[in-house]
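This is what each chain is made of:
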Amino acid sequence: MQHPIRHLHHVTATVAEARPDLAFCGGLLGLRLVKRTVNFDNHNVYHFYYGTEEGAPGTIWTTFPYAGWNVPPGVHGVGQIGATTFSVPAGSLDAWQRRLAAAGFTANAGERFGAPWLAVRDPSGLLLELVGDARDDRPPWAGGGVDRDSAVRGLHSVTLLLRDRAPTLTLLTGLLGFAVVDEAPGRTRLAVGDDAPGHLVDLLVSPDAPPGRNGLGTVHHVAFAVSSAEEQLHLRAELVQLGYDVTPVRDRTYFQSIYFREPGGVLFEVATMSPGFTFDEPPERLGTALKLPPWEEANRSAIEAALPRIA
């Protein structure tokens, strides 16, 4: 049985200091901090969720600031997300290049599948891209200090670095419901649900790249959205039947998740689209308070004391 993924849900990275991450993602990129919580697997580390106004699935970039935990820098290589790409309006890249340069960041320009892009390293060394795509009509966050005609619309795509694309391609175009929509030397673009920003995955064959290793400045996982918990359970059962080592369903408060590694080594998450980030905060207050999962509330005082102070 094929279980079509709806679109991207979020991408999560391991970063260094919390304050520079907030300044870059919120201040420079103009993303909204839609949730300030903790890593549910290590409650002494923040988990920041950035996105558009209400944090719609497909717009979310999340970070774990692990500075101070003796976590070494990661190794960029195969078996990882090599680049996370955000969608911005067509014609806005000149303004973005000026904005990044004014903040001290150098952006390299290029073109891929007919669309121009900029690539920049964030303060932790993550490779982020901005692509001008006229097809994206998702509403931006208007309160981030970036002109509405330039503001980020959400995730555009992710690039998986692989030694061999064939097994990953089989999984994506089979069980997960993707289709190949474009190809270039060494790169294959797939789409799910619709050939549009937020629905795209690129497979990039990198025969000379080293094996990737998670650490500061690397993407931890990419999450795909499914419509319901029932669909998630059916997909989990099929993955297990195919021999994948899949976690049990994990309660992330704002969605339910399962995790497994695809054949090329990239960590995949499949997340439900509900209940969403307004579950415990009204839209106008998103990201303004430290929110803890219910089972951690008894430890709030100790958790708050251990976390770095941020504005």
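Preceding this section is the structure that the text describes.
Residues numbered from 1 in each chain as written. Predicted model: local features only at pLDDT ≥ 70, side-chain atom pairs only at ≥ 80, totals over all residues. Heavy atoms only, no water.

Colleague: Could you clarify how one ought to interpret the packing of aromatic side chains in this entry?
Modeller: Aromatic rings considered in pairs are described by the distance between their centres and by the relative angle of their planes. With the rule as written, the count across this model stands at 16 aromatic pairs. When the ring of Phe-255 is compared with that of Phe-277, the centres are 6.5 Å apart and the planes differ by 80°; the resulting orientation is edge-to-face. Of this pair, Phe-255 sits in the loop between β14 (250-251) and β15 (256-261) while Phe-277 is found in the loop between β16 (267-272) and α5 (300-306), placing the two residues 22 residues apart along the sequence. Members of the aromatic cluster, connected to one another through ring pairs, are Phe-178, Phe-224, Tyr-244, Phe-260 and Phe-268. Taking the ring centre of Trp-141 as reference, the NZ or CZ of Arg-32 above it sits at 4.6 Å. (Phe/Tyr/Trp six-rings, centres within 6.5 Å; stacked < 30°, edge-to-face > 60°. Helix = DSSP H or I, 4+ residues; strand = E, 2+ residues; numbered from the N terminus. Lys NZ or Arg CZ within 6 Å of the ring centre and 35° of its normal.)

Colleague: Help me understand the sheet that holds strand β3 (residues 42-51) in this model?
Modeller: Strands pair in a sheet through their backbones, by hydrogen bonds, and they do so in one of two ways: parallel or antiparallel. Strand order in the open sheet formed by eight strands is β2-β3-β4-β1-β13-β16-β15-β14, with mixed pairing between adjacent strands. At either margin of the open sheet sits one strand with a lone partner, and together these are β2 (32-39) and β14. The strands touched by helix α1 (residues 18-28) within the sheet are β1 (7-15), β2, β3 and β4 (60-65), with β3 carrying the most contacts at an inclination of about 10°. (Pairing = 2+ DSSP bridges. Contact = heavy atoms within 4.5 Å. Axes fitted to C-alpha atoms, helices over the stretch in contact; angles between N-to-C directions.)

Colleague: Hey, could you run me through the side chain of Arg-189 in this one?
Modeller: As for its placement among the helices and strands, Arg-189 is situated in strand β11 (residues 187-191). For Arg-189, a relative accessible area of 8% corresponds to the buried category. Side-chain polar atoms of Arg-189 contact the side chain of Asp-202, separated by 2.7 Å. Residues in contact with Arg-189, not counting those within four places in the same chain, are Arg-112, Phe-113, His-156, Ser-157, Ala-179, Val-180, Val-181, Asp-182, Leu-200, Val-201 and Asp-202. (Buried < 20%, exposed > 50% of the residue type's maximum accessible area, 1.4 Å probe, protein only. Polar contact = N/O pair within 3.5 Å; in protein donor to acceptor, adjacent residues only side chain to side chain.)

Colleague: Can you help me understand the environment of Tyr-49 in this one?
Modeller: Tracing the chain through its elements places Tyr-49 in strand β3. The spacing of Tyr-49 and Asp-280 is 231 residues in sequence and 14 Å in space, taken between C-alpha atoms. Filtering out sequence-adjacent residues up to four positions away, Tyr-49 remains in contact with Arg-32, Leu-33, Val-34, Lys-35, Thr-37, Ile-60, Trp-61, Thr-62, Phe-255 and Phe-277.

Colleague: How should I be thinking about helix α2 (residues 93-102) in this particular structure?
Modeller: Since the α-helix packs 3.6 residues into each turn, any two residues three or four apart lie on the same face. Looking at α2, one finds that the buried residues are Leu-93, Trp-96 and Leu-100. End-on view of α2: buried residues confined to an arc of 55°, all on one side of the axis. Opposite the buried face of α2, at more than 90 degrees from it, the exposed residues are Asp-94, Arg-98 and Ala-102. Buried residues along α2 sit against α1, β5 (80-88), β7 (115-121) and β8 (127-132). Directly beyond the C-terminal end of α2, a positive phi value near 90° is found at Gly-104. (Arc of directions from axis to C-beta.)

Colleague: Explain the pattern of salt bridges to me, please; I cannot follow it from the model alone.
Modeller: Pairing of side chains with opposite charge becomes possible as their charged atoms draw close. Scanning all chains against the criterion turns up 12 salt bridges. A salt bridge links Lys-35 to Glu-281, with the shortest nitrogen-to-oxygen separation between them at 2.7 Å. Within this pair, whereas Lys-35 is found in strand β2, its partner Glu-281 is found in the loop between β16 and α5, the two being separated by 246 residues in sequence. An identical accessibility class is assigned to Lys-35 and Glu-281; each is buried. Across the pair Arg-300 and Glu-297 runs a salt bridge whose closest N-O atoms are separated by 2.9 Å. Given the relative accessible area of 22%, Arg-300 is considered partly exposed. One network of salt bridges, with partners in common, ties together Lys-35, Asp-280 and Glu-281. (Salt bridge = Lys/Arg side-chain N within 4 Å of Asp/Glu carboxyl O.)

Colleague: Help me out: how do you make sense of the pairing of β5 in this one?
Modeller: Looking down a regular strand, the side chains alternate between one sheet face and the other. Counting buried positions over the nine residues of β5 gives eight, a clear majority of the element. Here β5 runs beside strand β9 (residues 154-162); their pairing, made up of seven bridges, is antiparallel. If you follow Thr-84 over to β9, its bridge partner there is Val-158. As paired elements, β5 and β8 share five bridges and run parallel to each other.

Taken by themselves, the reported measurements are silent on function.
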